[in-house]
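Residues per chain, in single letters:
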Amino acid sequence: MVRFVDVASMRRWVRDVGAEKIVQSIAEVIEHDFRRWDDFDKIARIASHSPRGVIELMPISDGQTYGFKYVNGHPDNPDRGLQTVTAFGVLADVDSGYPVLWAEMTILTALRTAAMSASAARLLARPDSRTMALIGTGSQSEFQSIAFRALVGVESLRIWDTDSAAMDKFERNATGLGFAVYRAASATDAVAGADIVTTCTADKQNATVLTSDFVTPGVHINAIGGDCPGKTELDPTILQLGDVFVEYTPQTRIEGEIQQVAGDFPVTELWRVYRGEVSGRVSRDQITIFDSVGFALEDFSALQALHDGVQGTDYGVDVDLVAKPADPKNLFALVADPASASAG
Ligand code: NAD
C-alpha cells in the first residue's frame, strides 16, 4: 500500500499543525539535505515547454530514497480560473523500487519554496531584517510571508502587484495573520526602505520588475519568479551589484536570472554556505541575491517532512497503487478470467 495525501488531507494537516511549524520543519530537512549534498544523484529538471507554459519533472535520489515532482508553470492560467503552479510528487524505496508516498504538492510546493527562501535569507540577509517588500502577491506570497516571519523575524510587508485584486486578497490574508502591510503605489515605492525584497511575479517573458537604481546597499533579494528560459524578473545589471547564490548551478544557468549573463558569471551554490565552507553575508552593505528556481532536493526534503509528519495519522489514506499478484511472475492472474488462468 502507498500512503496518498490528497488536497483535503494536506489542507487538514496544515491547518491542524500550522503553516509556520510546517515551514520550520521543512527548512530543517532542507538544511540537513543541503549539507549532505554529495549523497544525492542530481540532474537539472526535465522541462517540456509550450506557448503557454511549461511542465517539468524533477527527479532526485540519495541512494536509499528516490523522489520526483511533476510541476507546471502557466502564468496566464489565473485568467482562465486556473492556478499558475500545480504539482504532485512521489517518494519511493530505492531498494525495491516501490513507491511509498504519493502526495499533492501544490500547497506543499508553496510551503517548501517559502521554507527554502527564508532559510537562504537566514544565511544571506542582515540578521536585523524586519521589513520585506513583496512584488507579486499571488499564490506564493502569503506562504513567503509566513516563512520569513518564522525564520527571519520579518514583521512588516510592503506590497506591490500589477493586479489590484491580488493586492486586496493579500492585504486581507496578511492582516488576518497579524502583519503590518503597506500597500505601495509601484514596485519602486514597495522596495523603498525594505531590508529584503522578494520578487514572486509570473510572466512568460524577460520582465523587469526591479531596476538596479532602486537596489540599496545591504538589501537581500529573494528572486523566485524567474524560473524558466525566457522568464526572468530582474534587470540583469542588478546581478553585477552583489553576490549571487543559487541552488544547483547547471539548472539555474538555464532557468534563473543568471541566464541573462555570461555562462561563467560567478555564483555560489548554497550547500557550500550551509556547510560553512564559504560565507553568506560578509558585511552590512553587501547586496545578496538568491536566484531561486526551485530544485528537486527541496521537494525531496518537503516530501520527507510530510512523510514523517503524517506517519501514524489519518492525514491521507493507503491506496492500492502497486499490483501485487501472489506469484510475482503471474501478473496476468490479476486480469485473467478466473476460470481459464492458473491461480495468482
Ligand atoms: P501567481 O500567478 O499566483 O502570482 C503572480 C502574481 O504576479 C500575480 O498576482 C500577477 O498579477 C503578478 N505580476 C505579474 N507581473 C507583475 C509585475 N510586472 N509586477 C508586479 N506584479 C506582477 O503565481 P505564484 O504561484 O504566486 O508564483 C509566482 C512565481 O513564482 C511564478 O513565476 C512561479 O513560476 C514562481 N515559482 C517559483 C518557485 C521557486 O522555487 N523558485 C516555486 C513556485 C513558484
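Residues numbered from 1 in each chain as written. Predicted model: local features only at pLDDT ≥ 70, side-chain atom pairs only at ≥ 80, totals over all residues. Heavy atoms only, no water.

## Describing the packing of aromatic side chains
Part 1: Tallying each qualifying case throughout the model produces nine aromatic pairs.
Part 2: Seen from their ring centres, Phe-40 and Phe-300 are 5.2 Å apart, and the 90 degrees between their planes marks the pair as edge-to-face. Residue Phe-40 is found in the loop between α2 (19-35) and β2 (41-42), and its partner Phe-300 is found in helix α10 (residues 296-310); the two are separated by 260 residues along the sequence.
Part 3: On the basis of relative accessibility, which here comes to 6%, the residue Phe-40 falls in the buried class.
Part 4: Connected via pairs of aromatic rings, a cluster forms that spans Phe-34, Trp-37, Tyr-248, Trp-271, Tyr-274 and Phe-295. (Phe/Tyr/Trp six-rings, centres within 6.5 Å; stacked < 30°, edge-to-face > 60°. Helix = DSSP H or I, 4+ residues; strand = E, 2+ residues; numbered from the N terminus. Buried < 20%, exposed > 50% of the residue type's maximum accessible area, 1.4 Å probe, protein only.)

## Here's the deal with the sheet that holds strand β10 (residues 180-183)
Part 1: Strand order in the open sheet formed by eight strands is β10-β9-β8-β11-β13-β17-β15-β16, with parallel pairing between adjacent strands. Taken across any chain shown, the strands that pair with only one partner, and hence form the sheet edges, are β10 and β16 (268-269).
Part 2: Of the pairings in the sheet, the one linking strand β8 (residues 131-135) to strand β11 (residues 196-199) comprises four bridges and is parallel in character. Within the sheet, the bridge partner assigned to Ala-133 lies in β11 and is Val-197. (Pairing = 2+ DSSP bridges.)

## Here's the deal with the pairing of strand β15 (residues 243-246)
Part 1: Bridge analysis of β15 against strand β17 (residues 288-291) gives three bridges, and the strand direction is parallel. Each residue of the ladder has a partner; that of Asp-243, found in β17, is Thr-288.
Part 2: Following the backbone out of β15, through helix α8 (residues 249-255) and into the adjacent parallel β16, one traces a crossover that is right-handed. (Right-handed = clockwise from strand over helix to strand, strands pointing away.)

## Digging into the site of the ligand
Part 1: Every one of the 26 residues lining the ligand counts as a neighbour, but Thr-84, Asp-161, Thr-201, Asp-227 and Lys-231 are closest to it.
Part 2: Between the ligand and Ile-224, the relevant distance is 3.1 Å, taken from a nitrogen atom to a main-chain nitrogen or oxygen of the residue.
Part 3: A distance of 2.9 Å separates a nitrogen atom of the ligand from a polar side-chain atom of Ser-292.
Part 4: Residues belonging to the shell around the ligand are distributed by class as follows: 10 nonpolar, 11 polar and five charged. (Near = heavy atom within 4 Å. Polar contact = N/O pair within 3.5 Å; in protein donor to acceptor, adjacent residues only side chain to side chain. Nonpolar A, V, L, I, M, F, W, Y, C, P; charged D, E, K, R; others polar.)

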